Amino acid sequence: MSGKLNKQRDLLSFGLLLAVVLAVNMLVSSVVLRLDLTAEKRYTLADITKEFLSGMDQPVFARVYLSGDLNVGFSRLSQSVEDKLDEFGVYAGSNLDYRFIDPNDSSDESQRATEKLKEQGLEPVPVYEAKEDGSRSRTLVYPYLILQSGDAEIAVNLLENMPGQSGAENLNSSVEVLEFKLMDAARRLLMEEMPRIAFLEGHGEYDEIDVVDITDALSRYYQVDRGNPGSSPEMLAPYEALIIAGPKREFSEDEKYAIDQYIMHGGRVLWLIDALGVTMDSLQHSMQTVGLPLDINLNDQLFRYGFRINPVVVQDVQSGMIPVNVAPAGQASQFVPMPWTYSPLLNTNSGHPVTRNVNVVKGTFVSSIDTVGGDRKTVKTPLLRTSRYSREMESPVYISLGQVEEQPARENFPQSHIPVAYLSEGAFTSAFLNRPVPPGVNGSDMERRDLSVPTRMIVVADGEIIRNEVHRRESANPGIVPLGYDEVTRQTFGNKQFILNAVNYLTDEEGWMNLRTRNYRLRLLDRDKVANEAGFWKSINLGIPVVFVLFAGLLVPFWRKRRYGKETK
């Protein structure tokens, strides 16, 4: 009888234990516990990302083409993409799904995927690797992702390619900006109404064809308009940002007042201002020209906002190239690229969202900027500056194509890191403080303000930074050279990315651009230690397991003999 009771008690205990285990399992499966133990919190999404994903009300599907036979670096990037999408799925739920597709296999789906990528202009990236026998292998990698919602699609280039960085550094940079790139595409994909920005006209600013490339890039985010508000501040009110690109004629006081009150009510402005009236076009008809100050009646307004654009030309040893005919007179032309110090390659501020991971920006006849005034209501951040070896040339500046024959000596360029672009954030004082409203201003219902609400502006002392080259032909449509592309060196500089980031930052109310500042430390092996200490660590890795097994083989019999030998006695 006692045995039967014990058996029933055991069964009851087992059943109770099983019920507890099942209950705990169900409870744990409904609770998501995620711990990010990395120093940079690389697996932790920003709060703004979590909020956006949690509020998604439309399904989004991602097709990732970074798959297949990849090397170690691209495999890590592919895994990072998968981890990031999995993390997104925690907050987006069933509204986000994804699939990895290998474009290089022989399936029909892969062939269709390859054709789709080609239709969107997404070409494969060749990757070369050295084999053990010394030969090199070449594989094609498609570092792309396509987000789709309904009939709308947006392609994302997952690979960052910064000149001067190693392959490992570029792949690490690619991982750093994954969250920003994916969220940027998702926001554009689900955007219900595009915000509006405008290019200012009426003062000799660049024509539409001169900025067509950046306009096309901006049109993916904004409705881009062009016009002249004249003396009416209300006409600028609907725009999130105003771009003033290379004006050549004077602004009237009533036009300045309209821009000023736009800023006072929270408007954002990207100023691209030339201090000297000189361009490369002026050198096409003559071998020499003179750079004279260009007064467009904005100096007092910019001064009140905290900036002075100096009437100088900056020269830099770190510069672009221009083609120079070196053939003797009477012979066929022979063009050779020569350094042109009047076209500095401007370094970017790696710590700011506007310029982080942006290639050097090519300028042309750039001036310098000084910050003025002791206004503590604004914070100014340099975005672009010259290299270590540069100098300022006071106006009037004599400029000749013959100067390319002079080899730039570093000792003749004593100035370093001259700032040529600034961001300013905060509350600005009106340029019309203690001044009457200009007589030409139309009757306005907009309240006059002498101190702005918190806002932003970016001032760049070079208008041509935004200008794309145009080849005008008599018998065909003009040829548009992509912004930042140098036909001489066949390099693409960071002009387009800089302008796009600048406008996006100016209009960013929520802080999306801050996702660009993520920094993942690249922990590389010390090559010297690997070469000198490889044998030692290999022997440690091989020897310790063997020693452990031998030690366990000797210790266990000894322990068993001592324990069970005593029990036998």
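## A few points about the overall build of the protein chain
Item 1. Summing up its helical and strand segments, the protein chain has 12 helices and 26 strands in all.
Item 2. Relative to the globule expectation of 25 Å for 569 residues, the C-alpha radius of gyration of the protein chain, 32 Å, shows a markedly less compact shape.
Item 3. Counting over 569 residues, the protein chain shows a buried share of 42%.
Item 4. The long-range share in the protein chain, meaning contacts at least 24 apart out of those at least 6 apart in sequence, stands at 77%.
Item 5. Taken as a whole, the protein chain presents about 31300 Å² of accessible surface, with 52% of it coming from carbon and sulfur.

## Structural notes on the environment of Pro-337
Item 1. Secondary-structure assignment places Pro-337 in strand β15 (residues 335-348).
Item 2. Residue Pro-337 is classed as partly exposed on the basis of its relative accessible area of 43%.
Item 3. Setting aside anything within four residues of it in sequence, one finds Pro-337 in contact with Met-321, Ile-322, Pro-323 and Val-488.

## Comments concerning the pairing of strand β2 (residues 96-100)
Item 1. For strand β1 (residues 60-64) and β2, the ladder comprises five bridges, and the chain directions are parallel. Within β2, the position partnered with Ala-62 by the bridge is Tyr-98.
Item 2. What joins β1 to β2 is helix α3 (residues 72-92), and the crossover it makes is right-handed.

## Looking at the confidence of the model for the protein chain
Item 1. Residues with a pLDDT of 70 or more make up 91% of the protein chain, whose mean pLDDT is 86.
Item 2. Of all secondary-structure elements in the protein chain, the lowest mean pLDDT belongs to helix α9 (residues 281-284), at 72, while strand β22 (residues 455-460) reaches the highest, 98.

## Thoughts on unusual backbone geometry
Item 1. Of note, the amide linkage connecting Ser-395 to Pro-396 takes the cis form, showing an omega dihedral of 0°.
Item 2. Phi at Phe-365 is positive, roughly 50°, even though this residue is not glycine.
Item 3. Here Phe-365 lies in the loop between β16 (361-362) and β17 (369-371).
Item 4. The phi torsion at Asn-434 lies on the positive side, around 60°, for a residue other than glycine.
Item 5. Within the element layout of this structure, Asn-434 appears in the loop between β21 (419-426) and β22.

## Here we look at the pattern of salt bridges
Item 1. For the structure on display, the rule yields 19 salt bridges.
Item 2. With its nearest N and O atoms 3.0 Å apart, the salt bridge here joins Asp-213 to Lys-496. With Asp-213 in helix α7 (residues 212-218) and Lys-496 in helix α11 (residues 495-507), this pair connects stretches of sequence that are 283 residues apart.
Item 3. Note that Glu-509 is salt-bridged to Arg-268, the shortest N-O span being 3.4 Å. Separated by 241 residues along the polypeptide, Glu-509 in the loop between α11 and α12 (527-568) and Arg-268 in strand β10 (residues 268-272) bring together distant segments of the chain.
Item 4. On the basis of relative accessible area, Arg-268 is assigned to the buried category, the value being 7%.

## A word on the layout of surface pockets
Item 1. Reported here for the largest pocket is a volume of approximately 1500 Å³.
Item 2. Lining the largest pocket are 39 residues; nearest its centre among them are Asn-157, Glu-160, Lys-181, Lys-496 and Gln-497.
Item 3. Those elements that place two or more of their residues in the lining of the largest pocket are β6 (152-157), α6 (178-189) and α11.
Item 4. Ranked by residues supplied to the lining of the largest pocket, first place goes to α11 with six residues.
Item 5. By residue class, the composition of the lining of the largest pocket is 20 nonpolar, 11 polar and eight charged.
Item 6. When its volume is computed, the second largest pocket comes out at roughly 850 Å³.
Item 7. What lines the second largest pocket is a set of 33 residues, among which Met-280, Met-321, Ile-322, Pro-323 and Glu-469 lie closest to the centre.
Item 8. For the lining of the second largest pocket, the elements supplying multiple residues, two or more each, are α9, β14 (319-325), β15 and β25 (485-486).

## Some words on the pairing of β15
Item 1. One ladder, built from seven bridges, connects β14 with β15; its direction is antiparallel. From the neighbouring strand, Met-321 faces β15, where its bridge partner is Pro-339.
Item 2. Where β15 and β16 come together, two bridges link them in antiparallel fashion. In the sheet register, Leu-345 faces β16, and the bridge partner there is Lys-362.
Item 3. Taken together, the two bridges between β15 and strand β18 (residues 378-385) define a ladder with antiparallel strand orientation. Its bridge partner being in β18, Thr-348 is matched across the sheet by Leu-384.

Quick notes on the rules
- Residues numbered from 1 in each chain as written.
- Predicted model: local features only at pLDDT ≥ 70, side-chain atom pairs only at ≥ 80, totals over all residues.
- Heavy atoms only, no water.
- Helix = DSSP H or I, 4+ residues; strand = E, 2+ residues; numbered from the N terminus.
- Rg over C-alpha atoms; globule rule 2.2 N^0.38 Å.
- Buried < 20%, exposed > 50% of the residue type's maximum accessible area, 1.4 Å probe, protein only.
- Contact = heavy atoms within 4.5 Å.
- Areas by Shrake-Rupley, 256 points an atom, 1.4 Å probe, with all protein chains shown as cover.
- Pairing = 2+ DSSP bridges.
- Right-handed = clockwise from strand over helix to strand, strands pointing away.
- pLDDT = per-residue confidence, 0-100.
- Salt bridge = Lys/Arg side-chain N within 4 Å of Asp/Glu carboxyl O.
- 1 Å grid on protein atoms, 1.4 Å probe; cavity = no way out; pocket = protein on both sides within 12 Å on 5 of 7 lines; lining within 4 Å.
- Points joined across faces, edges and corners; volume = space filled by probe spheres on them.
- Nonpolar A, V, L, I, M, F, W, Y, C, P; charged D, E, K, R; others polar.

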